[in-house]
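Listed below are the residues making up each chain.
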Amino acid sequence: MRISDEDYLWFTGRALDGMAAILAELGDERANRRPPLPGANTPYAIVTHCLGVLEFWAGSLVAGRAVERDRDAEFTASGPVAGLIERVAAAKEQLRADLTVAEPTEPLRAPAPAKYAGTPAGRSQGGALQHVYEELANTTATSS
């Protein structure tokens, strides 16, 4: 089974657009507020993490771009919502570009994190792209 780039971009775009809409609705103060739950993250940090996932998995492992990522910093990120919404839009365009060089049945262009070695996400570019969608969909599942 194969999915076209346009279909994949529709699904990922829908998830990213949903995140951007939630950020816009929350505004700066609420998007940067951590819920009073153990281990909870702010909405701003969650979206920042999703963009990090997208950049690392699609950008580095699929497209072979050099990517600098500070995963821990993603969970402490904060700032104005407008700037993050702009980053979401830019990430959608970068994903479109990254897909032009994707070869779904081929191995990753860089090593996956150790915990994904031997899993579909760690074996092929298509698996990595599915993992990207999995992460985005898990984040927006309750807002659909």
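S.K.: Just checking my understanding: could you explain the overall build of the protein chain for this structure?
M.R.: Along the backbone of the protein chain there are six helices and zero strands. In sequence order, the protein chain lays out its α and β elements as α-α-α-α-α-α. Computed over the C-alpha atoms, the radius of gyration of the protein chain is 15 Å, within 12% of the 15 Å expected from 2.2 N^0.38 for a compact globule of 144 residues. Oriented by its inertia axes, the alpha-carbon framework of the protein chain measures out at about 45 × 30 × 25 Å. Taking all 144 residues of the protein chain together, the buried fraction comes to 38%. Approximately 8,200 Å² of the protein chain is accessible, and the part contributed by carbon and sulfur atoms is 54%. Averaging the positions of the 14 positive and the 19 negative side-chain charges in the protein chain gives two centres separated by 4 Å.

S.K.: Would you mind going over the environment of Met 19 with me for this structure?
M.R.: Note on placement: Met 19 falls in helix 1 (residues 5-31). Looking at Met 19, the relative accessible area reads 3%, which means it is buried. Note: C-alpha distance between Met 19 and Ala 73 (54 residues apart in sequence) is 19 Å.

Calculation criteria
Residues numbered from 1 in each chain as written. Predicted model: local features only at pLDDT ≥ 70, side-chain atom pairs only at ≥ 80, totals over all residues. Heavy atoms only, no water. Helix = DSSP H or I, 4+ residues; strand = E, 2+ residues; numbered from the N terminus. Rg over C-alpha atoms; globule rule 2.2 N^0.38 Å. Buried < 20%, exposed > 50% of the residue type's maximum accessible area, 1.4 Å probe, protein only. Areas by Shrake-Rupley, 256 points an atom, 1.4 Å probe, with all protein chains shown as cover. Lys, Arg positive; Asp, Glu negative; His and termini not counted. Charge placed at Lys NZ, Arg CZ, Asp CG, Glu CD.

The quantities given are spatial measurements derived from coordinates; they are silent on function.
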